[in-house]
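Okay, here's what each chain looks like letter by letter:
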Amino acid sequence: MSATPELSAVPAATAPPSRRGRRAPLPHPILVLPAVLVALFALIPVAYLVIRAGDAGWARAFEILWRERTLDLVLRSLWLTFSVTFCCLVIGVGLAALVTRTDLPFRRSITVLAALPLAVPSYVAAYAWISTFSQSAGYWGALLVLTLCTYPYVFLPVAAVLRRTDTGLEEVARSLGRSGPRTFFTVTLRQARPAMAAGSLLVALYTLSDFGAVSLLRYDVFTRVIYTSYRASFDRTPAAVLALLLVVITVAITVAESRSRGRAEQARVGAGVNRPPTMATLSLRQRVAALAGVGVVAGLALGFPAVVLTGWLLRGQSAGIDVGRLVPAAGSTLYVSALGALVAVLMALPVGILAARSRHRLVRVTEHATYAGHALPGLVVALAMVFFGIRVVPGIYQQVPLLVITYAILFLPAAVGVVRASVALSSPRTEEMARSLGKSQLGVLRSVTIPLAAPGIGAGAALVMLTCMKELPATLLLRPTGMDTLATRLWTHTAVAEYAAAAPYAAVLVVLAVIPTLMLAREQIGLRPVRGPRAPRPEEAST
Amino acid sequence: MSELRVTGLYKAFGDTPVLRGVDLSVAQGSLTAVLGPSGCGKTTLLRVIAGFERPDAGSVRLGDVEVCGRGRTVPPEKRRVGVVPQEGSLFPHLSVAENVGFGASRRAPGRATRISTLLELVGLAGFEQRRPHELSGGQQQRVALARALLPGPEVVLLDEPFSALDAGLRHAVRDDVRDALHEVGATALLVTHDQEEALSIADEVAVMRDGLVVQHGTPEQVYLEPADLAVARFVGEAIVLEARGDASMASTALGELKLRGSAERGATGQVMIRPEQVHLVKVGDGIPATVQRAVFHGHDTTVHLSVSPPMVDAVELVCRIQGALPEASEVAIRVDGAVAWFPR
């Protein structure tokens, strides 16, 4: 019949050309160059700390490290970190289980309430306690204040995971004869383990980095000792050496956490739609006990500071609030924080765009370099920038630019995360479409990537700004002479026991901090319904 | 619109070759479907033509222009190649009209008219101000097609554009897209793993396997005269029988069958019969067969039969019938039309 004219069967593959497939290509230098510069910039604090610590000679550095006082300091800091983390795990996981897996009444309100302590800066909480009970100075006070301020770091991610876990696993475990509580501990919590580890890491880093609370509560852990040693003597080598030691500890903890996460097996086998988890029914007695527990935590973390703050405000009112000082302090806080957020986001742009788009080795290295600040306590960065300022740029030491740059380095990890997540909103596919429709690489950036990312980056910049406003140690060390921010005024007044005078500053700071906390809580727990086909993924918003 | 010609394309990701020397040409104004299982390299082929991937060797010509070849690569924005991706990939921050008009400068004369003409062409007149998330999947695909057509591309590439749609919608959107492409006389290349889609929509079908085009022909050729047995089975259901050739005939367990083409006298090989060629007939009028089981599909019924000719092993085969099932399990069959011949 037909002679199959067009049937063109190809018998064998043509010989493969010698050139092998290339790896991820290096993106446009217009982004790579600034990104590398930013990464180098972010490493300034570590570099200067090493230089400054080594200045006096390594023998002297070892002599400082070898002191018995140093060993005491390390043990004290680690013990506080461990105990705070442990208490946070107990409170955070307990509350998360209550609001996600039981029929406790008022679960939604409790969820918001439980996240709210994040809005209380630790030094404001410390101010509330020390101004009421002078006995709260020392270990127990620090443990109480830091636990109450940081347990939401465990509560939020664990609650989010418990809400989303594969309930199928639990049902299988139950059907295989495991009791409800046993299933919860052996199956459900196992799935939440990465979230618990990540939350614990945040708590541990927060505790080691916290400067305001431990200083006001006069408990000698790393940050307070470094600060006093820096202030008390002209020899700044001990401060630098101890700061370096603290960095080693925080980095070690960070690395340990990411290692443990790498090994966690949390694969979901097979497809299927998640069903909402089944809720455990609480008896009346259990309900009362649970509500009482929630009440105690909320009362200590929120109620107590609120009552104390109101009390001092009222007492201060009779003496008259010093508006002449409050307004300029608020003004300069806004000014330097806005600048800090702007510079942080500008620096984060090239790094974040590249991180969202390219898997080139150089890009990964730059991104990780900018995350270095994540494990660096604010006080340490501030100290390093003091050394850097004095030695390299004395012209701007104790001037606004150096403070702004320090803010930018401190909050660069948060800014990079926001930029990266926002840029990821426009998929590479969408950008390819734009190119096939005639837009150049830069044209795509202008007409697609930036318009899609702009709202997210804007919100991120606002968050960074609010975080800058609460910042204490860097502001204390690097502010221009004579300039005060809300945080430094609260610090100065509290340090000399002028509690009523400190109250207005504390109140303003709490109000400022409530806004990002509510945003964070809504996103993390998914109180806001997902809109549209491509909802932005909530990303860790503050550090 | 111009002719698309791809020669000797080679592309590897790391050490894994994905395209191993692809040759393909699409005549001006025609629609060719690239059909292949997932992982055969068809999407990579499309991305190379669009300019999103650079091949390791080979060339791509659009009309007289070599857009990628020896040392020269035209960037995607200069190629005048329209792309309709799998998920539509509409710009979420732009309205339907802005999406369609994306490929033309805002001040280009007649832009607005062109947008509404194209929206009308794809059946979405009046949707100008909608946002992508307010559209159904099928509507998003239609907008994506209008957007690809607006700059007047040389070639339109469609990457499994219907696979994300549910079955009922798929047919309607598929027909509309084909009509729209014909209306503008587009040279189009459509990538799919759905053989029914490829056969029904395309002027020509190129079957890909392991990074190579193994057959390129009209849908009828690919279906009835497949290049090899693997293509035969991939393109549709196939009954394969051992056979001995004799010029234009072959003798098989089902008797003498007429061949497409011819076989050497006495050569051994296999023949491939499509189920539609097998008909149930009155007992006595054909080869006796036994009904093993029947599967009812609504529009037709698949009957699994077994034929036990004398002296040879039993043969299993299927046929499709419409209407009621034969009541007796003993039936007879007849094979109509010529069958494909694969010599050993």
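Residues numbered from 1 in each chain as written. Chains lettered and ligands numbered in written order. Predicted model: local features only at pLDDT ≥ 70, side-chain atom pairs only at ≥ 80, totals over all residues. Heavy atoms only, no water.

A. Quick look at the overall build of chain B. Looking only at helices and strands, one finds eight helices and 20 strands in chain B. Across its three principal axes, chain B shows a C-alpha extent of roughly 80 × 45 × 35 Å. Here chain B holds 344 residues, and 53% of them are scored as buried. Of the contacts made within chain B by residues no fewer than 6 positions apart, 65% connect residues no fewer than 24 positions apart. Of the accessible surface of chain B, which amounts to about 14,800 Å², a share of 49% is contributed by carbon and sulfur atoms. (Helix = DSSP H or I, 4+ residues; strand = E, 2+ residues; numbered from the N terminus. Buried < 20%, exposed > 50% of the residue type's maximum accessible area, 1.4 Å probe, protein only. Contact = heavy atoms within 4.5 Å. Areas by Shrake-Rupley, 256 points an atom, 1.4 Å probe, with all protein chains shown as cover.)

B. Representation of the overall build of chain A within the structure. A count of helical and extended segments in chain A gives 26 helices and zero strands. By the burial criterion, 50% of the 543 residues in chain A qualify as buried. Long-range pairs, those at least 24 residues apart, make up 83% of the contacts in chain A with a sequence separation of at least 6. Surface summary for chain A: the accessible area is close to 25,300 Å², and the carbon and sulfur share equals 66%.

C. A look at the nonpolar core. One finds L80(A) and Y127(A) to be the most contacted residues of the largest nonpolar core, which totals 153 residues. Setting aside its immediate chain neighbours within four residues, Y127(A) contacts L216(A), L309(A), W312(A), L490(A), T494(A), Y499(A), A502(A), A503(A) and A506(A). Counting 44 residues, the second-largest nonpolar core is a separate cluster that includes V122(B), L149(B), V156(B) and A202(B). (Core = buried A, V, L, I, M, F, W, Y, C linked by side-chain atoms within 4.5 Å.)

D. Spatial organisation of the packing of helix 16 (residues 323–357) of chain A against helix 23 (residues 441–470) of chain A. All names here are of chain A. The N-to-C vectors of helix 16 and helix 23 enclose an angle of 135°; their axes lie 8 Å apart at closest approach. Taken together, the axes of helix 16 and helix 23 are oblique relative to one another. Helix 16 and helix 23 meet at a crossing whose hand is right-handed. Contacts between helix 16 and helix 23 involve T333, L334, S337, A338, G340, A341, A344, V345 and L349 from the first element and I457, A461, V464, M465, C468 and M469 from the second. The residue inventory of the contact of helix 16 with helix 23, partitioned by class, reads twelve nonpolar, three polar and no charged. (Axes fitted to C-alpha atoms, helices over the stretch in contact; angles between N-to-C directions. Parallel < 35°, antiparallel > 145°, perpendicular 65-115°, else oblique. Left-handed = near helix turned anticlockwise from the far one by under 90°. Nonpolar A, V, L, I, M, F, W, Y, C, P; charged D, E, K, R; others polar.)

E. Molecular detail of the pairing of strand 16 (residues 287–296) of chain B. Residues and elements named next belong to chain B. Looking at chain direction, strand 16 and strand 19 (residues 330–335) are connected through four bridges and run antiparallel. What sits directly across from P288, in strand 19, is A332. Pairing of strand 16 with strand 17 (residues 301–307), which is carried by six bridges, proceeds in the antiparallel orientation. Within strand 17, the position partnered with R293 by the bridge is H304. Count of turn residues in the strand 16/strand 17 antiparallel hairpin: four residues, of which G298 carries a positive phi of about 95°. (Pairing = 2+ DSSP bridges.)

F. Expanded view of the confidence of the model for chain B. Looking at chain B, pLDDT values average 88 and 99% of them are 70 or higher. Per-element averaging of pLDDT across chain B places strand 6 (residues 72–73) of chain B at the bottom with 81 and strand 3 (residues 31–35) of chain B at the top with 95. (pLDDT = per-residue confidence, 0-100.)

G. How the structure looks around the domain arrangement of chain B. All names here are of chain B. Under the domain assignment, chain B is made up of domain 1 (4–234) and domain 2 (239–343). A straight line from the C-alpha centre of domain 1 to that of domain 2 covers 38 Å. Facing ten residues of domain 1, the contacting portion of domain 2 comprises eight residues. On the domain 1 side of the interface with domain 2, the three residues burying the most area are Y223, L224 and L229, jointly 61% of the side's total. The interface formed by domain 1 and domain 2 contains one salt bridge. We note a salt bridge from E225 to R260, for which the minimum N-O separation is 3.5 Å. Taken together, domain 1 and domain 2 are joined by four residue pairs in polar contact (both at pLDDT 80 or more). At the level of elements, helix 7 (219–224) and helix 8 (229–235) are the ones that each hand at least two residues to the side of domain 1 that touches domain 2. (Domains from an automatic or database assignment. Buried area = accessible area lost by both parts, 1.4 Å probe. Salt bridge = Lys/Arg side-chain N within 4 Å of Asp/Glu carboxyl O. Polar contact = N/O pair within 3.5 Å; in protein donor to acceptor, adjacent residues only side chain to side chain.)

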